[in-house]
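Residue-level listing of the chains:
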Amino acid sequence: MVATSSPTAAASRAAKLMKRRSRVRFYEIIVWLAAIAAFFVLPSKMLILTEIAILALFAVSLDLVLGFAGIVSLGHTAFFGLGAYIAGLVALHYVAEPVVGLLAAGIGAGLLGFVTSFLILRGSDLTRLMTTLGIGLMMAEMANQMAWLTGGADGLSGFSLGPILGLFEFDLFGKTGYIYCLVVLFVGTMLMRRLAFSPFGLSLKAIKANPMRAGMIAIPARKRIVTVYTIAAVFAGMAGALLAQTTSFVSPDVLAFHRSADVLLVLTIGGTGYLYGGIFGAVLFTLVKDWLSIVTPQYWMFYIGLILVVLVLVGRDRLARWIEYLPEHLSKSKEEGR
């Protein structure tokens, strides 16, 4: 009798644990309320808020493979750039409706992610790093050489977007663009969050911790890595599509190496393994970069590097102690979420 009830009790405890891990935390509600409030409080900052939303979606997609599967990538910008070009080409030659271009960009980037995911299944972290970097560089060179399609170094322009879902037109102040990007960021984050805090997400963490042991308990590591890499590519492509649609321009800069470096820096600032680090990091990185580029236009990159060095020297654990100042039930929720 004990032997038959033991698996049932274990399953019940596991179900309760998954339910507790997946519930919405207090700080998450604050994040989205702050994003909505920014629309009303900062009406003249729509462009920078839109930039933050796009970078946040890009960073969250990378955190899905870096923070949960442990795959360090320097070529995530390949999916971002491909999504931007697909969205621009769809608007230029086919359909001006933004959601159609957004979905097409996600599908196209996902296909590229699926094909290239098999290249990262073998080798060490250094091999994966160089492989992903090589993919990004190849995509950048292809965009530059295929001028008949992408516009080459001059970029892709001359396209305009129609109303979103035929109802909401883009305005000169960027208000519609910000709401559009914020909605996509929210939906994307919720979908990735649901995936990350599910049994699938736990299996990814097991693979990250010890791939050999994960295989011994029947976790198909290769299939899981291919799946999560493809899903992350879909959302990275959507982030690129948002950039193309809100600026009505696509240049080879969307495939530049600095975008991969920036998004890694964002996750270094915000933290990995709980998705919201991409959002926090995007906010801090964009605001600091914008402020420094005004205060010291020539040397702002130096101070960004200095901040990174200080962050590494001080240590994330010490900076994360702000949690200790929250009420007990909130700090526990934060720790469970991570």
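Residues numbered from 1 in each chain as written. Predicted model: local features only at pLDDT ≥ 70, side-chain atom pairs only at ≥ 80, totals over all residues. Heavy atoms only, no water.

Per the secondary structure count, the chain includes 16 helices and zero strands. With 338 residues in all, the chain has 47% of them scored as buried. A separation of at least 24 residues holds for 79% of the contacts in the chain among residues at least 6 apart in sequence. Accessible surface computed for the chain: about 17400 Å², of which carbon and sulfur atoms make up 69%. (Helix = DSSP H or I, 4+ residues; strand = E, 2+ residues; numbered from the N terminus. Buried < 20%, exposed > 50% of the residue type's maximum accessible area, 1.4 Å probe, protein only. Contact = heavy atoms within 4.5 Å. Areas by Shrake-Rupley, 256 points an atom, 1.4 Å probe, with all protein chains shown as cover.)

All right, on to the environment of E28 then. Tracing the backbone through its elements, the reader meets E28 in helix 2 (residues 26–41). For E28, a relative accessible area of 3% gives the class buried. Sequence separation between E28 and Y276 is 248 residues; the distance between their C-alpha atoms is 8.0 Å. If we skip the residues at most four places from it in the chain, E28 touches R23, M190, R193 and Y276. Of the polar contacts made by the side chain of E28, one reaches the side chain of R193; its length is 2.8 Å. (Polar contact = N/O pair within 3.5 Å; in protein donor to acceptor, adjacent residues only side chain to side chain.)

Moving on, we come to the nonpolar core. Judged by nonpolar contacts, the single largest core of 94 residues is most densely connected at L57, L242, V250 and V254. Filtering out sequence-adjacent residues up to four positions away, V254 remains in contact with T77, F80, G81, A84, Y85, L243 and R259. (Core = buried A, V, L, I, M, F, W, Y, C linked by side-chain atoms within 4.5 Å.)

Before going further, it helps to spend a moment on a nonpolar patch on the surface. On the surface, V24, F26, I29, I30, L33, I36, F40, V41 and L42 cluster together into a nonpolar patch covering about 890 Å² of accessible area. Inspection of the secondary structure assignment puts I36 in helix 2. On the basis of relative accessible area, I36 is assigned to the partly exposed category, the value being 45%. (Patch = residues over 30% accessible without salt bridge, like charges linked within 9 Å, V, L, I, M, F, W, Y side chains within 5 Å. Salt bridge = Lys/Arg side-chain N within 4 Å of Asp/Glu carboxyl O.)

Right, let's talk about the packing of aromatic side chains for a bit. Following the criterion strictly, the structure yields 14 aromatic pairs and no others. Consider the rings of F39 and Y178, whose centres lie 6.5 Å apart with planes at 5°: the pair is stacked. Of this pair, F39 sits in helix 2 while Y178 sits in helix 8 (residues 175–196), placing them 139 residues apart in sequence. Looking at Y178, the relative accessible area reads 3%, which means it is buried. Between the aromatic rings of Y274 and F280, the centroid separation amounts to 6.4 Å while the plane-to-plane angle is 40°, which identifies the pairing as tilted. Its relative accessible area of 4% is what places Y274 among the buried residues. The class for F280 is partly exposed, based on a relative accessible area of 25%. In this structure an aromatic cluster arises from ring pairing among Y27, W32, F186, Y274, Y276 and F280. (Phe/Tyr/Trp six-rings, centres within 6.5 Å; stacked < 30°, edge-to-face > 60°.)

Between helix 4 (residues 77–93) and helix 6 (residues 125–145), the least distance of the axes is 9 Å, while the angle of their chain directions is 25°. With respect to helix 6, the axis of helix 4 lies roughly parallel. Residues A78, L82 and Y85 of helix 4 touch helix 6, and the partners they reach there are I135, G136, M139 and A143. For the contact of helix 4 with helix 6, the residue count by class is six nonpolar, one polar and no charged. (Axes fitted to C-alpha atoms, helices over the stretch in contact; angles between N-to-C directions. Parallel < 35°, antiparallel > 145°, perpendicular 65-115°, else oblique. Nonpolar A, V, L, I, M, F, W, Y, C, P; charged D, E, K, R; others polar.)

Averaged over all residues, the pLDDT of the chain is 85; the fraction at 70 or higher stands at 87%. Averaged pLDDT values for the elements of the chain fall to 45 in helix 16 (residues 328–337) and rise to 95 in helix 5 (residues 98–117). A low-confidence stretch, residues 1–5 stays under pLDDT 50, and its non-local contacts, those more than four residues away or across chains, total zero contacts. (pLDDT = per-residue confidence, 0-100.)

What follows deals with the environment of A214. Structurally, the position occupied by A214 is in helix 10 (residues 211–216). Measuring from C-alpha to C-alpha, the distance between A214 and S203 comes to 7.7 Å, with 11 residues separating the pair along the chain. Setting aside chain neighbours within four positions, we find A214 in contact with A206, I207 and I219.

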